[in-house]
Amino acid sequence: MKTDFWMMHRSVAHYKGGLPVGLEERLLKLYNPDQYVNLCSGSCIKGLTIDLNAECRPTIVADATRVPLKDNVADLVFIDPPYDQTYAKMLYKMKLPSTSKLLAEATRIAKAGGRIILLHFWTPKKPKGTLLEQLIAIQTGPYKKIRLLSIFRKNETLLDNPNFIRLEGFNHE
Ligand SMILES: C[S@@+](CC[C@H](N)C(=O)[O-])C[C@H]1O[C@@H](n2cnc3c(N)ncnc32)[C@H](O)[C@@H]1O
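Residues numbered from 1 in each chain as written. Predicted model: local features only at pLDDT ≥ 70, side-chain atom pairs only at ≥ 80, totals over all residues.

(A) Quick look at the site of the ligand. Neighbouring the ligand are 22 residues, the closest being Gly17, Cys40, Gly42, Ser43 and Ala64. Its residues assigned to classes, the shell around the ligand shows 13 nonpolar, 6 polar and 3 charged. (Near = placed C-beta within 6 Å. Nonpolar A, V, L, I, M, F, W, Y, C, P; charged D, E, K, R; others polar.)

Printed below as a string of structure tokens:
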């Protein structure tokens with residue numbers, strides 16, 4: 001498992017709880033996904049954005065724990081949720097979404113080999129069907145809390161491998 005440390009400038013976005021400047025762009029440059037989905041997108045506008053707050057004008061207004069997308073469609077799913085009950089209530093007037101549900105939903109919509117990236121103060125339990133690929137600590141200045149990007153990769157099964165030869169009459173599922 002790789003680790004890294006990124007010094008970044010804190011958000012200048014008008015939206016409360018915005019990302020450090022250039023964070024999303026840096027991830028997109030690193031992974032160059034064809035299909036990018038941002039869950040709990042807030043003021044972010046890149047890729048397919050999903051947020052419960054219609055005022056943010058996301059692509060889809062929906063609960064990010066129950067996304068109206070098919071399985072295995074995204075190369076990269078990024079999640080920047082409210083970090084605790086107080087943030088969720090004070091900043092967004094919402095209930096705190098369950099991180100494990102957000103991660104399970106992100107894993108469902110990610111393609112095999114695709115990445116699921118969570119920004120939070122802690123690293124979560126590994127979502128089922130993924131591997132923890134990298135942890136990146138994010139610092140935005142003196143006395144600012146360090147956050148972590150937990151980067152998971154959805155497992156590829158034998159069935160996802162184009163070289164896999166199916167045996168006639170055998171149930172590989
Ligand atoms: C930390 S902010 C995201 C900020 C965003 N990364 C930015 O740079 O603007 C968290 C977002 O989660 C949204 N949210 C909270 N609960 C949600 C849920 N269950 N489903 C979808 N969005 C949710 C809030 O509306 C808020 O926009």
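On we go.
(B) Representation of the pairing of strand 5 (residues 74–79). Counting buried residues along strand 5, 5 of its 6 residues qualify, which places the element largely inside the surrounding structure. Here strand 2 (residues 36–39) runs beside strand 5; their pairing, made up of 4 bridges, is parallel. Pairing of asparagine 38 across the sheet is with phenylalanine 78, part of strand 5. Here strand 5 pairs with strand 6 (residues 110–120) via 5 bridges, running parallel. Considered in strand 6, the bridge of isoleucine 79 is made with leucine 118. (Buried ≥ 20, exposed ≤ 12 C-beta atoms within 10 Å, placed from the backbone. Helix = DSSP H or I, 4+ residues; strand = E, 2+ residues; numbered from the N terminus. Pairing = 2+ DSSP bridges.)

(C) Layout of the sheet that holds strand 6. Pairing in this open sheet of 8 strands is mixed, and the strands run 1-7-8-6-5-2-3-4 from one edge to the other. Bordering the open sheet on either side are strand 1 (2–7) and strand 4 (60–61), each of which pairs with just one other strand. With 6 bridges joining them, strand 6 and strand 8 (residues 147–154) adopt antiparallel strand pairing. When the sheet's bridge partners are listed, leucine 119 is paired in strand 8 with leucine 149. Here helix 1 (residues 23–31) sits on the sheet in contact with strand 2, strand 5 and strand 6, set at roughly 160° to strand 5. Its contacts with the sheet put helix 3 (residues 99–109) on strand 2, strand 5, strand 6, strand 7 (130–139) and strand 8, and the angle it makes with strand 6 is roughly 150°. (Contact = placed C-beta atoms within 7 Å. Axes fitted to C-alpha atoms, helices over the stretch in contact; angles between N-to-C directions.)

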